[in-house]
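Listed below are the residues making up each chain.
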Amino acid sequence: MIKGILIDLDNTLYDYDTAHHISMLEVVNFASNFFSKDSFISNFKKARMYINNSLKGTASSHNRILYFQKTIEYLDYKDIMIAKKFYDLYWNTFLLNMQLYDGVIDFFKSLSGKKICILTDLTAYIQYKKIEKLGITEYISELVTSEEAGIEKPDKKMFDIALYKLNLNSDEVVMIGDSYEKDITGALNSCIKPYWKTNKTVNIEGIITFNNFIEITGKI
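Model, not experiment: these values are computed from the prediction.

A.B. asks: Quick question: what am I supposed to make of the overall build of the protein here?
C.D. replies: Counting its regular elements, the protein contains 9 helices and 6 strands. The C-alpha atoms of the protein give a radius of gyration of 19 Å, which matches the 17 Å a tight globule of 220 residues would have. Judged by the C-alpha coordinates and their principal axes, the protein covers about 60 × 35 × 30 Å. With 220 residues in all, the protein has 47% of them scored as buried. Within the protein, counting contacts between residues at least 6 apart in sequence, those at least 24 apart form 65% of the total. Carbon and sulfur atoms make up 50% of the accessible area of the protein, which amounts to about 11100 Å² in all. Here the protein holds 26 positive side-chain charges and 28 negative ones, and the gap between their average locations is 2 Å.

Written as structure tokens, this is what we have:
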């Protein structure tokens, strides 16, 4: 009997990519007051790659204030506080442009007392902010981030922490996520039944696929 739901946040419950795109446009436009757009963009890409590679597998590898800090270092800009301005502008814009996918609230309501744990990479504080902004706090029992675990999905440690917090076994939960590499592989490696949110037409044994939460509402 399923008693708990492990569920990813970004690009599973809402459209991360659109919010990110709008936010980066705002940052680039603001940065053009200090640097050429091309120079800022190219150095930001280089900074992001550096942080991703040097901190690979950790939540900090996704921390945008580190991206912006490294960007201005590459640009040899002396006012370090501008990195915080970029960071605040990015996330303030991002939070304003988040929107739940259709059917998420009805799906949560259909779970009839089952405990829900958000299982997500990235740093804890901003994930709390997202959960709050999306208006889903009343449905969430637990949160596990890669910052807390010290490692990212698909590492089994992430899933073990979630099971411990929920006080459930692997056969009593399912995992829902959009990333095959992180969410689905991680679930399978932890002997957890996966639900893959995807627009691909695939038929993989042991994996349930869906594109819209309406498809699985009342079925878990």
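A.B. asks: Explain the pairing of strand 2 (residues 115-120) to me, please; I cannot follow it from the model alone.
C.D. replies: When you tally the buried positions in strand 2, you get 5 out of 6 residues, the bulk of the element. Across 4 bridges, strand 1 (residues 4-7) lies against strand 2 in parallel orientation. The residue bridging Ile5 from the neighbouring strand is Ile116, located in strand 2. Examined bridge by bridge, strand 2 and strand 3 (residues 142-145) share 4 bridges and lie parallel to one another. The partner of Cys117 across the bridge, within strand 3, is Glu142. Once you follow strand 2 into helix 6 (residues 124-134) and on to strand 3, the crossover reads as right-handed.

A.B. asks: What is the right way to read a nonpolar patch on the surface from this model?
C.D. replies: Taken together, the side chains of Tyr180, Leu188, Val202 and Ile204 define a hydrophobic patch exposed on the protein surface, amounting to about 280 Å² of accessible area. Along the chain, Tyr180 turns up in helix 9 (residues 180-189).

A.B. asks: Whenever I open this one, the packing of aromatic side chains confuses me. Can you help?
C.D. replies: The description of an aromatic ring pair uses the distance of the two centres, along with the angle that the planes make with each other. Counted under the stated rule, the structure contains 21 aromatic pairs. Between Tyr16 and Phe94 the ring centres are 5.3 Å apart and the planes differ by 55°, which places this aromatic pair in the tilted class. With Tyr16 in helix 1 (residues 16-31) and Phe94 in helix 4 (residues 82-96), the pair connects residues that are 78 residues apart, well separated along the chain. Overall, Tyr16 belongs to the buried group, its relative accessible area being 13%. Judged by centre distance (5.2 Å) and plane angle (50°), the ring pair of Phe107 and Phe213 falls under tilted. In this pair, Phe107 is assigned in helix 5 (residues 104-109) and Phe213 in the segment after strand 6 (208-210), connecting sequence segments 106 residues apart.

Parameters at a glance
Residues numbered from 1 in each chain as written. Predicted model: local features only at pLDDT ≥ 70, side-chain atom pairs only at ≥ 80, totals over all residues. Heavy atoms only, no water. Helix = DSSP H or I, 4+ residues; strand = E, 2+ residues; numbered from the N terminus. Rg over C-alpha atoms; globule rule 2.2 N^0.38 Å. Buried < 20%, exposed > 50% of the residue type's maximum accessible area, 1.4 Å probe, protein only. Contact = heavy atoms within 4.5 Å. Areas by Shrake-Rupley, 256 points an atom, 1.4 Å probe, with all protein chains shown as cover. Lys, Arg positive; Asp, Glu negative; His and termini not counted. Charge placed at Lys NZ, Arg CZ, Asp CG, Glu CD. Pairing = 2+ DSSP bridges. Right-handed = clockwise from strand over helix to strand, strands pointing away. Patch = residues over 30% accessible without salt bridge, like charges linked within 9 Å, V, L, I, M, F, W, Y side chains within 5 Å. Salt bridge = Lys/Arg side-chain N within 4 Å of Asp/Glu carboxyl O. Phe/Tyr/Trp six-rings, centres within 6.5 Å; stacked < 30°, edge-to-face > 60°.

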